[in-house]
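Take a look at the letters that make up each chain.
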Amino acid sequence: MTPLEKISSHYPHERRAMQWLDHICSGHDWVTVESTHGENKGYNFEYVEFEITLRGESKRKYMICGMVALGENELVEIHQFEVRGAVSQYTEPTVQDPWCSLCISPQTGVTNLPLGDRLSSMILSLHNDDELAKSIPLLELFLAHGSEEHQWILGYYSTGISLNDDEHEFYQQIPIEIRNLSHHFACIEDELQGSVYSAEERQSFLDEEMRAISREIQERKQVEE
């Protein structure tokens, strides 16, 4: 019994959901689930860390990381699950960490579902990433980019991209197209902050901009090929 299965066994509904997760993952070479008992984090309660890696239909790789502990009636998240993405192969010698953060979380209304059900939903959705991207603009932008762009990008968020620019000298190495894209989203966010639009309208504007940019990138790469 894995640590994740063991901590889930404290609650019947969590145990059943974890069995369903195992049923989905077992026998497939595109997904693996690993878990360990937490140690040396300063917590005085039992918790488990897990890491799920999977491959999408687009051939991109994804990682779901999380920490869960025993709650009163169910497993609870210690931190929000983290989702990362990467290309399937890395050809750039400068790549140190191929993973990009993806600001993707379970849909509203499903947070009360057992852990196994939530993870199963995320795994199946990410595996079908081409379809998922139709409803998540930041994922569409992630799929439009390749390893040559990902090596400079720390994450994809609902407001745009975050660059690996902690040091000014390193920032100068980032291709001008990527720097301009980051600046473009920053300018849009600044303009929207001072507007009369609602939060939903602002996000809708950013989503449409991400979709338009994704199409431009895909079309340009098709021409270059």
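Just above, that's the structure.
Just so it is clear, the model here is predicted, and its values are computed rather than measured.

### Considering the overall build of the protein chain
- Within the protein chain one finds 9 helices and 8 strands.
- Along the three orthogonal principal directions, the C-alpha set of the protein chain runs to about 50 × 45 × 35 Å.
- Looking at the 225 residues of the protein chain, the share that counts as buried comes to 40%.
- Of the contacts formed within the protein chain by residues at least 6 apart in sequence, a portion of 55% connects residues at least 24 apart.
- Split by element, the accessible area of the protein chain, about 12,900 Å² in all, is 47% carbon and sulfur.
- Within the protein chain, the 40 negative side-chain charges are centred at a point lying 5 Å from the centre of the 17 positive side-chain charges.

### Side note on unusual backbone geometry
- If you check the backbone angles, Lys-59 has positive phi at about 80 degrees while not being a glycine.
- Position of Lys-59 relative to the elements: it lies in the loop between β2 (47–55) and β3 (61–70).

### Looking at the pairing of β3
- Most of β3 is tucked away: 8 of the 10 residues are buried.
- Alignment of β2 against β3, held across 9 bridges, turns out to be antiparallel. Within β3, the position partnered with Tyr-47 by the bridge is Ala-69.
- Bridge count for β3 against strand β5 (residues 82–86) is 5 bridges, and the pairing is antiparallel. Looking at β5, one finds that Lys-61 is bridged to Ala-86.
- Where β3 lies against strand β4 (residues 75–77), 3 bridges are found, and the strand directions are antiparallel. Its bridge partner lying in β4, Leu-70 is registered against Leu-75.
- From the end of β3 to the start of β4, which pair antiparallel, there are 4 residues.

### Let's talk about the state of the cysteines
- With the rule as written, the count across this model stands at 0 disulfides.
- Left unpaired, Cys-65 is separated from the closest cysteine sulfur, that of Cys-100, by 14 Å.

### Digging into the pattern of salt bridges
- Under the criterion given, the structure shown has 7 salt bridges.
- Residues Glu-77 and Arg-118 are paired through a salt bridge, measuring 2.5 Å at the closest nitrogen-oxygen approach. Pair noted here: Glu-77 is in strand β4 and Arg-118 is in helix α3 (residues 115–127), with a separation of 41 residues, a long-range link.

### Looking at the packing of helix α2 (residues 12–25) against α3
- Look at α2 against α3: their axes get within 7 Å of each other, and the N-to-C directions meet at 25 degrees. One element, α2, and the other, α3, form an angle in the roughly parallel class. Facing α2, whose interface residues are Glu-14, Ala-17, Met-18, Trp-20, Leu-21, Ile-24 and Cys-25, α3 presents Leu-115, Gly-116, Asp-117, Leu-119, Ser-120, Ile-123 and Leu-124.
- Among the residues making up the contact of α2 with α3, the classes are represented as 10 nonpolar, 2 polar and 2 charged.

### Things to note about the nonpolar core
- Judged by nonpolar contacts, the single largest core of 50 residues is most densely connected at Leu-54, Ile-64, Leu-102, Ile-123, Leu-139 and Tyr-156.
- Top contributing element to this core by residue count: helix α5 (residues 137–144), with 6 residues.
- Sequence-distant contacts of Tyr-156, defined by excluding residues within four places in its chain, comprise Cys-100, Ser-101, Leu-102, Cys-103, Leu-138, Leu-141, Phe-142, His-145, His-150 and Ile-161.

### Things to note about the packing of aromatic side chains
- Enumeration according to the criterion identifies 4 aromatic pairs in this entry.
- With centroids separated by 5.3 Å and ring planes inclined at 80 degrees, the aromatic side chains of Phe-50 and Phe-81 adopt a geometry described as edge-to-face. Placement of Phe-50 in strand β2 and of Phe-81 in the loop between β4 and β5 is noted, with a sequence separation of 31 residues between them.
- What makes Phe-50 buried here is its relative accessible area of 3%.
- One aromatic cluster is present, built from ring pairs that chain together Tyr-62, Phe-142 and Tyr-156.
- In this arrangement the basic side chain of Arg-60 is found over the ring face of Phe-142, its NZ or CZ atom lying 5.2 Å from the centre.
- Sitting above the plane of the Tyr-171 ring, Arg-179 keeps its charged end 5.5 Å from the centroid.

Rules behind the numbers
- Residues numbered from 1 in each chain as written.
- Predicted model: local features only at pLDDT ≥ 70, side-chain atom pairs only at ≥ 80, totals over all residues.
- Heavy atoms only, no water.
- Helix = DSSP H or I, 4+ residues; strand = E, 2+ residues; numbered from the N terminus.
- Buried < 20%, exposed > 50% of the residue type's maximum accessible area, 1.4 Å probe, protein only.
- Contact = heavy atoms within 4.5 Å.
- Areas by Shrake-Rupley, 256 points an atom, 1.4 Å probe, with all protein chains shown as cover.
- Lys, Arg positive; Asp, Glu negative; His and termini not counted.
- Charge placed at Lys NZ, Arg CZ, Asp CG, Glu CD.
- Pairing = 2+ DSSP bridges.
- Disulfide = S-S within 2.5 Å.
- Salt bridge = Lys/Arg side-chain N within 4 Å of Asp/Glu carboxyl O.
- Axes fitted to C-alpha atoms, helices over the stretch in contact; angles between N-to-C directions.
- Parallel < 35°, antiparallel > 145°, perpendicular 65-115°, else oblique.
- Nonpolar A, V, L, I, M, F, W, Y, C, P; charged D, E, K, R; others polar.
- Core = buried A, V, L, I, M, F, W, Y, C linked by side-chain atoms within 4.5 Å.
- Phe/Tyr/Trp six-rings, centres within 6.5 Å; stacked < 30°, edge-to-face > 60°.
- Lys NZ or Arg CZ within 6 Å of the ring centre and 35° of its normal.

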